[in-house]
Amino acid sequence: MSLAEHAEKVTVITRSGVGMSQYLTDRISNQPNIVIKNNVLPIVMNKCSLLCSNNEVYKHDYYFFCLGGIPNTEFIKDDLVKKDLVGHIYVNERFEAAPGLYVIGDARQGVRRHSIGSCFGDAASATAYLHAYLRSGKAPDVG
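Note that the coordinates shown come from a computational prediction; the quantities given were computed from them, not determined experimentally.

Participant: Which parts of the structure should I look at to understand the overall build of the chain?
Facilitator: The helix and strand tally for the chain stands at 2 helices and 7 strands. Listed by position from the N terminus, the elements making up the chain come as β-α-β-β-β-β-β-β-α. A burial count over the chain gives 30% of its 143 residues as buried. A separation threshold of at least 6 residues defines the contact pool for the chain, and within that pool the share at least 24 residues apart is 40%.

Participant: So what exactly am I meant to see when it comes to the side chain of Arg 108 here?
Facilitator: Summarising the element assignment, Arg 108 is placed in the loop between β7 (101-102) and α2 (116-135). Note on Arg 108: relative accessible area 14%, which makes it buried. At a separation of 3.0 Å, a polar atom in the side chain of Arg 108 contacts the side chain of Asp 122.

Participant: Looking at this structure, how should I read the sheet that holds strand β3 (residues 42-45)?
Facilitator: Read from one edge of the open sheet, 3 strands run β3-β4-β5, paired in antiparallel fashion. One side of each edge strand has no neighbouring strand; the edge strands of this open sheet are β3 and β5 (57-58). Of the strand pairs in this sheet, β3 and strand β4 (residues 50-52) are connected by 3 bridges, and their pairing is antiparallel. If you follow Val 44 over to β4, its bridge partner there is Leu 51.

Participant: Quick question: what am I supposed to make of a nonpolar patch on the surface here?
Facilitator: Together, Leu 41, Ile 43, Leu 51 and Val 57 give the surface a local cluster of nonpolar side chains, amounting to about 300 Å² of exposed area. The exposure class of Ile 43 is partly exposed, given its relative accessible area of 40%.

Participant: Honestly, the side chain of Asp 122 in this entry has me stumped. Any pointers?
Facilitator: Within the secondary structure, Asp 122 is located in helix α2. When residues no more than four places from it in sequence are discounted, the contact partners of Asp 122 are Phe 95, Ile 104, Gly 105 and Arg 108.

Participant: In this structure, what is going on with the pattern of salt bridges? I would like to understand it.
Facilitator: Oppositely charged side chains are able to pair whenever their charged atoms sit close together. Tallied over the entire structure, the rule returns 5 salt bridges. Put simply, Glu 93 and Arg 94 hold a salt bridge, and the shortest N to O gap is 2.9 Å. For Glu 93, a relative accessible area of 60% gives the class exposed. Residues Arg 94 and Glu 96 are paired through a salt bridge, measuring 3.2 Å at the closest nitrogen-oxygen approach. Classification of Glu 96 as buried rests on a relative accessible area of 10%.

Participant: Would you take a moment to explain the environment of Cys 52 for this structure?
Facilitator: Residue placement: Cys 52 occurs in strand β4. Separated by 12 residues in sequence, Cys 52 and Val 40 have C-alpha atoms that sit 6.5 Å apart. Those residues in contact with Cys 52 that sit more than four places away from it in its chain are Ile 13, Val 40, Leu 41, Pro 42, Ile 43 and Tyr 58.

Participant: I keep staring at the packing of aromatic side chains and nothing clicks. Help me out?
Facilitator: We describe a pair of aromatic rings using the distance from one ring centre to the other and the angle between the two ring planes. Scanning the entire structure with this criterion turns up 2 aromatic pairs. Relative to Tyr 129, the ring of Phe 95 has its centre 6.5 Å away and its plane inclined at 40 degrees; by these criteria the two rings are tilted. Here Tyr 129 lies in helix α2 and Phe 95 lies in the loop between β5 and β6 (96-98), a separation of 34 residues in the sequence. A residue is classified by how much of its surface remains accessible, and Phe 95, at 11% relative accessible area, is buried. With a relative accessible area of 33%, Tyr 129 lands in the partly exposed category. Between Tyr 102 and Tyr 133, the aromatic rings sit 6.5 Å apart at their centres with planes inclined by 70 degrees, giving edge-to-face as the arrangement. Highlighted residues: Tyr 102 in strand β7 and Tyr 133 in helix α2, separated in sequence by 31 residues.

Parameters at a glance
- Residues numbered from 1 in each chain as written.
- Predicted model: local features only at pLDDT ≥ 70, side-chain atom pairs only at ≥ 80, totals over all residues.
- Heavy atoms only, no water.
- Helix = DSSP H or I, 4+ residues; strand = E, 2+ residues; numbered from the N terminus.
- Buried < 20%, exposed > 50% of the residue type's maximum accessible area, 1.4 Å probe, protein only.
- Contact = heavy atoms within 4.5 Å.
- Polar contact = N/O pair within 3.5 Å; in protein donor to acceptor, adjacent residues only side chain to side chain.
- Pairing = 2+ DSSP bridges.
- Patch = residues over 30% accessible without salt bridge, like charges linked within 9 Å, V, L, I, M, F, W, Y side chains within 5 Å.
- Areas by Shrake-Rupley, 256 points an atom, 1.4 Å probe, with all protein chains shown as cover.
- Salt bridge = Lys/Arg side-chain N within 4 Å of Asp/Glu carboxyl O.
- Phe/Tyr/Trp six-rings, centres within 6.5 Å; stacked < 30°, edge-to-face > 60°.

Taken by themselves, the reported measurements are silent on function.
So this is what it looks like as structure tokens:
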């Protein structure tokens, strides 16, 4: 919902449907700039596009991934980011794996055990850094 307040369009891609409170489900379904694609897996991510299992290519300016306890990051090209042997993605102190690509939670390298609290903390910090990146003039102009 927060992203939808600032973005022209938000596409939510989920592997098995979105499990959340009815209140939030209702808010999202009434938000005209949010589109939800259920039962879709990311296959390959390039710099500005994401190929998914439904054979659609999503071309968006920014991507946020919630991947779960075991990193499912093989769809992100190795030439785009650096990963450890398990698949965790290396980030800098701003949670950035590449300019404008932020990695948090269980996908991020360097944290032995993730909890919901630390993932929310990562998300809050990364959001602040993303806003700073967008204001910096370094973000691509795809207008």
